[in-house]
Each structure stands twice: as structure tokens, then as C-alpha cells.
Amino acid sequence: MDYAAHFHREILAFEAAARTAVGADEAPAVPSCPDWTMSDLVQHLGGVHRYVIRVLEERPTQALDPMDPVIYRLPDDREGWPVLGAAPNHGPLAESLIDWFADGAAALEPHFRSSDPGEAVWTWSQEQTVGFWLRMQVIEAAVHRWDAEGATGEPGPVDPELATDAIAQTFEVMVPAGRSRNSAPRGSGERYRFSRTDGTDSWTVQFEGDDILVTDGGDPCDVEVSGTASDLMLFLWQRIPATRIDVKGDREVLDRYFTLVPRV
């Protein structure tokens, strides 16, 4: 998959959605992120990009201090920018904030296009490679593009190829990370099957004690969930409710899924 091309497209769409909110009396609320307005969302993703740039440029062996303002290359004039720690920030969305975001995204993309994905670099995951950041940031860009479009209109679906990879990444990266970082309950053998309706891919996920087992097997499951790759991805990222997808089986087990998988 051409991750860099997906990143480029999603970032431009995110920026376009954000710019539609400039000039309003207040930054619109982000329905899928109840604690944020569009200003908070733009600041968040822009900050993530600047942090990753610094990691890729300096190749640290441990996490950088996220409170270090040097990382974010902030302009001197930040009038109207959201106040960190005070979300949701309801003031008008500052166009200079979007410009800062766009500059950061444009600076990050060449790193993804020129770096060897297998190069070693610090990440917050077990996979310590540039490729981890590329995959993660493409997925995060797609999710937040959907968030931004939902704040100003009707969000478009995620590209099926990218969404399918994001589903796999959920089980390979996000689920183990969420369970290890939080007080997740031990699994009791709960089995879930997630199947694409716009392709042949399916994922069977079982929670057994502290272990997560992922297969493509056809053994019976407690719950079977099906939908387009985009809808499955957005459901797993807690962006759309179960009413938007087809669910067969034990609803109580489905409701337990997001207890077993706390957010990272």
C-alpha cells in the first residue's frame, strides 16, 4: 500500500474541512470527540505531526518530553489559539492555527516518502520502526479527517484499502496497547468475528485471560459483526455506533468489547 499517498490525501481533506469553519463566531464542536472543538482537533493533530517529525529527525532512544514547546515550532503570534488543558475551546477557529497545521503536515510527508520503513526509531509501540509511524499517522489522519468533516457536514467514508489495513492494525497494535496501558479485565474466552461486506477479509478475535488471539478461522463466535471496511474501522475506533453495522449474536458480549479494549 502507498501509505504516503493516503497520508497526502487525508491531510488535504482534513485541512479543507477545518478551513470551512474559519470565520464562524465559534469553532464548531466535534460530535465524535465530545471534549473537543475544531480548534482543539487541529491543535492535537498538528502537535502529533510536529512530535513525530522531531522523533524522525533526532532518532531518540526514548520518548521526548511532550511538554517541551520547542518540539512544536510554534509561531510567535498565536492569537486566538486554543488554550492547552482547557478543552473544549469555543472561540473562533484561528486561520493561523490551520496554517501551522498545514506546514507541519507538509514537513512530515517527505520523511515518510524518503525514509526506509524498516529503519529503527523510538515509538510508543513494540514495533520500533519508521514504518510504525507511517502506518499509525495515516490511520490517525483518516480518523481525524472523518472527525473534522463530521463537525462541519457529512463525513465521507475511509478508503477501503486503508480501512482494511486499519482494522488489522487495531488488533495488531491498538488492542494490545490499550490493554497493557490500562486496567483491562481479563478475558473469559469472548470471541468476535468482524467481516467486510465490501471484500473477503474477516478477523476472529478471542480474549483469553491477558491474551488476545487473532485468526481468520471459521469457528463459532459469540458475536459476528459485518459492514463495509470503513464502517468496521470507524466502529472499532468508537466513531460510529453498533446500529450502523450488522450484528448477530450476543449483544452483551459486544457491549463488553470496549471494556476489554480501553482506548490508548
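The coordinates are above.
This is a predicted model, so every value here is computed, not measured.

K.L.:
Help me out: how do you make sense of the overall build of the protein chain in this one?
P.N.:
Within the protein chain one finds seven helices and five strands. For 264 residues, the compact-globule estimate of 2.2 N^0.38 gives 18 Å, and the C-alpha radius of gyration of the protein chain, at 19 Å, lies within 12% of that figure. Of the contacts made within the protein chain by residues no fewer than 6 positions apart, 68% connect residues no fewer than 24 positions apart. Working note: accessible area of the protein chain is about 12,300 Å², and carbon and sulfur atoms make up 50% of it. Distance between charge centroids for the protein chain: 3 Å, based on 22 positive and 44 negative side chains.

K.L.:
How do you make sense of the packing of helix H4 (residues 130-152) against helix H5 (residues 160-181) when you look at a structure like this?
P.N.:
Interaxial distance between H4 and H5 falls to 10 Å at its minimum, and their mutual angle equals 120 degrees. Judged by the inter-axis angle, H4 sits oblique to H5. Judged by the sense of rotation from one axis to the other, the crossing of H4 with H5 is left-handed. Together, Phe132, Arg135, Met136, Val138, Ile139 and Ala142 of H4 and Leu162, Asp165, Ala166, Ala168, Gln169, Glu172, Val173 and Met174 of H5 make up the contact between the two elements. Of the residues belonging to the contact of H4 with H5, the class tally is 10 nonpolar, one polar and three charged.

Reading guide: rules and limits
Residues numbered from 1 in each chain as written. Predicted model: local features only at pLDDT ≥ 70, side-chain atom pairs only at ≥ 80, totals over all residues. Heavy atoms only, no water. Helix = DSSP H or I, 4+ residues; strand = E, 2+ residues; numbered from the N terminus. Rg over C-alpha atoms; globule rule 2.2 N^0.38 Å. Contact = heavy atoms within 4.5 Å. Areas by Shrake-Rupley, 256 points an atom, 1.4 Å probe, with all protein chains shown as cover. Lys, Arg positive; Asp, Glu negative; His and termini not counted. Charge placed at Lys NZ, Arg CZ, Asp CG, Glu CD. Axes fitted to C-alpha atoms, helices over the stretch in contact; angles between N-to-C directions. Parallel < 35°, antiparallel > 145°, perpendicular 65-115°, else oblique. Left-handed = near helix turned anticlockwise from the far one by under 90°. Nonpolar A, V, L, I, M, F, W, Y, C, P; charged D, E, K, R; others polar.

Bear in mind that shape data such as this cannot, by itself, settle questions of function.
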